[in-house]
Every structure is written in C-alpha cells, then in structure tokens.
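# Topology and contacts: notes
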Amino acid sequence: MTAPAASITATEQELRSQPETWDRAVRLLPEVAAHLPRPGERVLVVGCGTSWFIAASYAALREASGQGTTDAATATEISPVREYDRVLAISRSGTTSEIIAVLAALDVPSTLVTAVAAGPAAQHTDAEIVLDFADETSVVQTRFATTTLALLRASLGEDLAPAIADARTLLAEEPAPELVAAEQVTFLGTGWTKGLADEAALKMRESSQSWTESYFAMEYRHGPIAIAQPGRVTVQLGLAPEGLAAQTERAGSTFVTSDRDPLAQLVAIHLWAVRRAEAKGLDPDRPRHLTRAVHLDS
C-alpha cells in the first residue's frame, strides 16, 4: 500500500511522480525532437554520476536501434581521438563543473538536457531541452534521470505506455521485508540495462549507505558471484541469461527478476532504497556527504 502523503519524504514524493513525468516527456517530444541526435550521426553522450548511467543506457539503445555510433562517457574521461557529429549532455542542475568544461571545449554541435533553464552550462551549448517539470528538491536523483531516459527512448521510436503502466503498478506495491533487510545487494544488466543496474546500485548506496555492486549479467559468473550467500540479494534488470538465477540461488543468494519494463523496475528500486534508509534510521532527503550538484573548485 502507498504510504499516506503527509508521512513521506520529499524523495519519496518525487519518485512516486515518475509515471506522470514520463508521460509529460513523451508529449514534449515533438517540440524538442529537432534538437536530439539524428539517425546516422556519430554521437557522444556525456554526464556525471546518475546522468552518466542514463547516458550509457541511451547509447546502448541508440546503437541497438541502428541509428548510429553512440558513445557514453563520464565528462572527465572523454577520448581525445574520437570524432563526433553531435554531443548530448545531461545535467539536472545545468551547473555541473565537468559538463560545463566539456561543452566549452568541444567544437561540435551540442544539446543540453537539464531541469533548470539558462544555467551556466547552457551558455556553451547550441540547444537546451528543459525538463523543469521533472526537477527535484531531493539531492538523490530519481525522476529527472528517468524522465530524461523516457524522452530519449521515445525519440528512438519506443512506445513508453507499457513502461508507464508498469511503473504505476510497481509503485502500488511495497518492497518485500527480506529485501529491505538484505545484508548486501548486487544489480545486474545486459545491453542498455547495465546502465540501469549501475544507477540502481548508486541509488541504494546514496540513499541508504548500503553495500551494493553492479555488473554485466554474464560477468557476474566470472568472480563476483563469490559474494553470493544467504541474506544477500542479486537483482536482474531486464531478462536474465539462462541458468543464472539457478546458479545464484545454489550459492544461497536470493535472485530477483521481473517481467516489467526495466525502467519501471528502477522506479521500484528507488522506493526500496528509501525503505532501506528508513529502516536504518537514515533520512533519504539528507544523504551523507552529497549535494544536489557538484561544483569543483578551480
């Protein structure tokens, strides 16, 4: 059951709004499509933290759809030898130091996706897509990141209606007590869902200071499965490779998978992270050592 509105944190209020913000992003697409990568362009997608993981998911989806070479990079680790036709930058605040530096340095047509219009990064880009309806007061990102990916998935021709319906369904459920109490959680993905697995692990760490890891699903068998044991959980985003669930469960770890859209699965993990934080006596609105945006000293 959904908790009473008066008792929930700002983080939870915002994460619960994701089906609605995704729908708004899909409806916004015709207005902003001209600023997004065109089929055949070589594209670099940059972000930091959560935005980098969203960039990675989009890059994998764009290449898989046959629309062109697409690289994703964290803003401080861009290859100096690759050439691109367009740069797509993702920054919730539009003030992230590393994103500003990339946009200022690259002489390539660029678009910024942000939640805050006319920020410092916007001064160095050719176009700005503002998802202000997905902005957040929370330090820990949820709806801006997923709304950006919903927009980008729709731009590739995907129908987001099933994902929106799945998110609503999953948000009507509470995470199982054994998940909330788990000692350790590992998230797995394949293709575009590896970025979601990385993001799920980050959300759990940020919100609840939990021990989390993330891997490509098949790579889990090449060493990381050694940590599987009773009381620990392994979560697959999207379809699991054949035999992986059985192998993980033989090692004693609980294996969690779902036939829901992977982005909707991530929304359920957002709620799970909040519940783990609350169970530990932590405030998910005030995560340790974190700020809403990272500004590096010059």
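Residues numbered from 1 in each chain as written. Predicted model: local features only at pLDDT ≥ 70, side-chain atom pairs only at ≥ 80, totals over all residues. Heavy atoms only, no water.

In the nomenclature of an unreviewed UniProt entry, the protein is known as SIS domain-containing protein of Brachybacterium hainanense.

Across its full length, the protein carries ten helices and nine strands. For 298 residues, the compact-globule estimate of 2.2 N^0.38 gives 19 Å, and the C-alpha radius of gyration of the protein, at 19 Å, lies within 12% of that figure. Counting only C-alpha atoms and orienting by the principal axes, one finds that the protein spans roughly 55 × 45 × 40 Å. Looking at the protein residue by residue over its 298 residues, the buried ones come to 55%. Long-range contacts, defined as pairs at least 24 residues apart, comprise 69% of the intrachain contacts of the protein with a sequence gap of at least 6. Per element, the accessible surface of the protein, about 12,700 Å² overall, is 53% carbon and sulfur. Across the protein, the mean location of the 25 positive side-chain charges is 3 Å away from that of the 38 negative side-chain charges. (Helix = DSSP H or I, 4+ residues; strand = E, 2+ residues; numbered from the N terminus. Rg over C-alpha atoms; globule rule 2.2 N^0.38 Å. Buried < 20%, exposed > 50% of the residue type's maximum accessible area, 1.4 Å probe, protein only. Contact = heavy atoms within 4.5 Å. Areas by Shrake-Rupley, 256 points an atom, 1.4 Å probe, with all protein chains shown as cover. Lys, Arg positive; Asp, Glu negative; His and termini not counted. Charge placed at Lys NZ, Arg CZ, Asp CG, Glu CD.)

Here we come to unusual backbone geometry. In this structure, Ala118 is a non-glycine residue whose phi angle is positive, near 60 degrees. Within the element layout of this structure, Ala118 appears in the loop between β4 (110–114) and β5 (127–130). Unusually for a residue other than glycine, Gln209 sits at a positive phi of about 55 degrees. Note that Gln209 resides in the loop between α8 (193–208) and β7 (212–216). For Gln209, a relative accessible area of 35% translates into the label partly exposed.

Confidence in the prediction of the protein, expressed as mean pLDDT, is 94, and 95% of residues score 70 or more. Within the model, pLDDT remains below 50 along residues 1–6, and this stretch shows ten contacts once partners closer than five positions in the same chain are excluded. (pLDDT = per-residue confidence, 0-100.)

Once that is clear, we can look at the environment of Leu61. As for its position among the elements, Leu61 is in helix α3 (residues 50–64). As for Leu61 and Gly94, which are separated by 33 residues in sequence, their C-alpha atoms are 24 Å apart. Not counting residues up to four positions away in its chain, the partners in contact with Leu61 are Leu149, Arg153, Leu156, Glu158 and Trp192.

According to the stated counting rule, one finds 19 salt bridges in the structure shown. Linking Asp23 and Arg27 is a salt bridge whose minimum nitrogen-to-oxygen distance equals 3.0 Å. With Asp23 and Arg27 both in helix α2 (residues 18–32), this residue pair falls four residues apart, about one helical turn. Between Asp198 and Lys194 there is a salt bridge, and its shortest N-O distance comes to 3.0 Å. Here Asp198 and its partner Lys194 are both found in helix α8, four residues apart, which amounts to about one turn of the helix. As far as the burial class goes, Asp198 and Lys194 line up, both buried. Because the salt bridges share partners, they merge into one network encompassing Glu12, Arg16, Glu174, Arg275 and Glu278. (Salt bridge = Lys/Arg side-chain N within 4 Å of Asp/Glu carboxyl O.)

Right, let's talk about the packing of aromatic side chains for a bit. Within this structure, the stated rule accounts for two aromatic pairs. Pairing Trp52 with Phe53 gives two aromatic rings, centres 5.4 Å apart and planes at 25 degrees, and the pair type is stacked. According to the relative accessible area criterion, Trp52 is partly exposed, its value standing at 32%. Accessibility expressed as a relative area gives 13% for Phe53, which makes it buried. (Phe/Tyr/Trp six-rings, centres within 6.5 Å; stacked < 30°, edge-to-face > 60°.)

The four strands are arranged β7-β6-β8-β9 in an open sheet whose pairing can be described as parallel. Unpaired on one side and paired on the other, β7 and β9 (254–256) mark the two borders of the sheet. Averaged over all adjacent pairs, the angle separating strand axes in this sheet is 20 degrees, with direction ignored. Two elements, strand β8 (residues 232–236) and β9, share three bridges in a ladder whose sense is parallel. Of the residues in β9, the one forming a bridge with Thr234 is Phe255. Of the strands in this sheet, β6 (184–189) and β7 are in contact with α8, which crosses β7 at around 175 degrees. (Pairing = 2+ DSSP bridges. Axes fitted to C-alpha atoms, helices over the stretch in contact; angles between N-to-C directions.)

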